[in-house]
Amino acid sequence: PRFALKRMLNFNAPPLKNTAAEPVWKVLIYDRFGQDIISPLLSVKELRDMGITLHLLLHSDRDPIPDVPAVYFVMPTEENIDRICQDLRNQLYESYYLNFISAISRSKLEDIASAALAANAVSLVTKVFDQYLNFITLEDDMFILCHQNKELISYHAINRADLQDTDMEAIMDTIVDSLFCFFVTLGAVPIIRCPRGNAAEMVAVKLDKKLRENLRDARNSLFTGDSMAAGQFSFQRPLFVLADRNVDMATPLHHTWTYQALIHDVLDFHLNRVMMEEGAGAEPSPAGARPKKKSRKTYDLTAADKFWQKHKGSPFPEVAESVQEELDTYRAQEDEVKRLKSIMGLEGEDEGAISMLSDNTAKLTSAMSSLPELLEKKRLIDLHTNVATAVLDHIKSRKLDVYFEYEEKLMSKSTLDKSLLDIISDPDAGTSEDKMRLFLIFYITAQLAPSESDLEQYKKALTDAGCDLSPLNYIKQWKAFTKMAATPANYGNSGVKPMGLFSRVMNTGSQFVMEGVKNLVLKQHVSLYETDDYRYFDPKMLRGSESSIPRNKNPFQEAIVFVVGGGNYIEYQNLVDYTKSKQGKKVIYGCSELFNAAQFIKQVRQLTCYLLPVHLLPFTCPPATFYLSTCYF
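Presented here is an overview of the structure given in this document. (Residues numbered from 1 in each chain as written. Predicted model: local features only at pLDDT ≥ 70, side-chain atom pairs only at ≥ 80, totals over all residues. Heavy atoms only, no water.)

1. Things to note about the sheet that holds strand β5 (residues 125-130)
Move 1: Strand order in the open sheet formed by five strands is β2-β1-β3-β4-β5, with parallel pairing between adjacent strands. In this open sheet, the two edge strands, each paired with only one partner strand, are β2 (52-57) and β5. When strand polarity is set aside, the average angle formed by the axes of neighbouring strands in this sheet is 15°.
Move 2: Contacts between helix α1 (residues 2-9) and the sheet are confined to β1 (26-30), β2, β3 (70-74) and β4 (96-100), with β3 contributing the most and set at about 145° to the helix.
Move 3: The strands touched by helix α4 (residues 78-90) are β3, β4 and β5; relative to β4, the strand with the most contacts, the crossing angle is about 175°. (Pairing = 2+ DSSP bridges. Helix = DSSP H or I, 4+ residues; strand = E, 2+ residues; numbered from the N terminus. Axes fitted to C-alpha atoms, helices over the stretch in contact; angles between N-to-C directions. Contact = heavy atoms within 4.5 Å.)

Below you can see the structure in the form of structure tokens.
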């Protein structure tokens, strides 16, 4: 998608490799969907380097700039088309390059043509393109379908009991449209596998049909010629594994211990951007004075941040230690520059004077020339110090290490060292939501449901702790329908073990005072499952086949795992770790929406008054966290 966006911003021509060449200055006009697609991939600096002088929302008040071309990147909605037509009538720009995120219909294209004709602006509409970029890339190996209007394809939307067939068809069509865009951008036609009897199967059937129809139209197929050149998978077709959120309800509720997943769980983190409140007014205001207003600070966690790329999947104690090491290294470099200046009697002199010194000052000159890099390093250290400190505050105040360790033991069927009631009843252990998440995981993973008397005891303790019990009612229905009590999900043997990571972090010189926080490190074992019962689709086959027998038994090198109903960073990190242990394998994780535990519980709470719909009749499949079968890998 990054290359496709750069190509689009270069008037749909390949980006110039000669960066010294002066770019053509232009204006970028996008809607909220386009903004969400661009923002995780291209920074403001990168946009400027590509000649984007202004980037504006389509429906904002925009002044005419008659001598500059405009690149539009919008969804082909009725509202957007009307606004584009209005722009043509007002002749805001020198020329118009119209790029639609999804394919535009012929009728809407005719509306634009009519408006251009009426405004005598036909010659101004230079190019019209369908970009097929209706998905959001958060990482090189992770994507989601949308951020705007995500409630339309949410877990709640798919599982409402009052859902009409037409509504379900519309939801499935929306998901399939985005997945089709994903494979067009990838330039590859996948082999599709999915379990039977759930929403994932509905998506698979529709996607297979859509891919098949496009391939059949040889003249207009999007998977031939130049489009295939963009494919990352040039030698082998990728395996596309679809799964349903209902197969694994415990993982989205799980308290986690890795950096990226913790940020998503406890902070305001979306589209690779963290928003935090600063200046909360720790110091008391003078009597009669207004309390200090909290300011919101945003931090972008991008691919250019090497610390983030290295440590986003690391256990939090390792991150805290690494931030401290980076800070110590920076301070040593800063002190070296100050020492050199002091020795040469240049304290307080400007950089210009230093650069004019003779050869014997080469060491100082070298140090000064690395200042921009040093300042950028300091900015990133400050960023991660602030973010990690905020995460640590949540860990300590809510005892998240205790929850993580206990839930890991529940999910791996390990021996428990304390009773669940003790944690629920402890007023200092977490929020009411933390307690509810813990109990729901206990209920989901239990091979035998607790007796009525035990359940009443748990419910009383939860109520006393201020918990809303409504999610439990839905989970009870869900467990009954999926017969999880008879065939419990195997969440693998993932466990935790203490390791000596805090030798530096625990000392008094550290930024992170971690006393009282357990030193837990992930020890993961991914469970693999046979998928012989999964349905098999090959869109390239001339005749559609309902057979579940795979035609291709060769091992796959590349795979895309996609969760219908929403996903999370825990599953993403599990797949990343799994891939690292498999030489030459590449796995991409995708989901219809990305939610944290609080957002998931909110959706479950809204479903409480519903019975489960027809398409969720009992079925048995492996947990959604670990779909990759030994028959493929």
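Anyway, onward from the coordinates.
2. What about helix α22 (residues 597-606)?
Move 1: Within α22 the residues assigned to the buried category are Ala-597, Phe-600, Ile-601, Gln-603 and Val-604. Along the long axis of α22, the arc covered by the buried residues comes to 160°, so they all point the same way.
Move 2: The inward-facing, buried residues of α22 contact α6 (155-159), α10 (259-266), α18 (432-445) and α20 (470-482).
Move 3: With a side-chain oxygen lying 3.3 Å from the backbone nitrogen of Ala-598, the N-terminal cap of α22 falls on Asn-596. (Buried < 20%, exposed > 50% of the residue type's maximum accessible area, 1.4 Å probe, protein only. Arc of directions from axis to C-beta. Polar contact = N/O pair within 3.5 Å; in protein donor to acceptor, adjacent residues only side chain to side chain.)

3. Digging into helix α16 (residues 400-411)
Move 1: Across its twelve residues, α16 extends 16 Å between first and last C-alpha, which sits within 8% of the 16 Å expected from 1.5 Å per residue.
Move 2: Burial of α16 is extensive: twelve of the twelve residues sit out of reach of the surface.
Move 3: Just downstream of α16, Lys-413 is the residue with a positive phi angle, here 60°. (Expected span 1.5 Å × (residues − 1).)

4. Examining the sheet that holds strand β15 (residues 535-537)
Move 1: Pairing is mixed across the open sheet formed by seven strands, whose spatial order is β6-β7-β17-β16-β9-β8-β15. Lying at the two open borders of the sheet, with one neighbouring strand each, are β6 (136-139) and β15. Between one strand axis and the next, the sheet turns through 20° on average, direction left out of account.
Move 2: In this sheet, β15 lies alongside strand β8 (residues 191-194) in antiparallel orientation, the contact comprising three bridges. What sits directly across from Arg-193, in β15, is Tyr-536.
Move 3: The strands touched by helix α21 (residues 569-580) within the sheet are β6, β7 (142-144), β16 (558-564) and β17 (586-591), with β17 carrying the most contacts at an inclination of about 170°.

5. Observations regarding the nonpolar core
Move 1: Counting 101 residues, the largest nonpolar core has Ile-175, Leu-179, Leu-242 and Ile-263 as its most contacted members.
Move 2: Among the elements that take part in this core, helix α7 (residues 165-186) stands out by supplying twelve residues, more than any other.
Move 3: Core analysis: the second largest hydrophobic core is formed by 36 residues, Leu-253, Tyr-403, Phe-442 and Tyr-474 among them. (Core = buried A, V, L, I, M, F, W, Y, C linked by side-chain atoms within 4.5 Å.)

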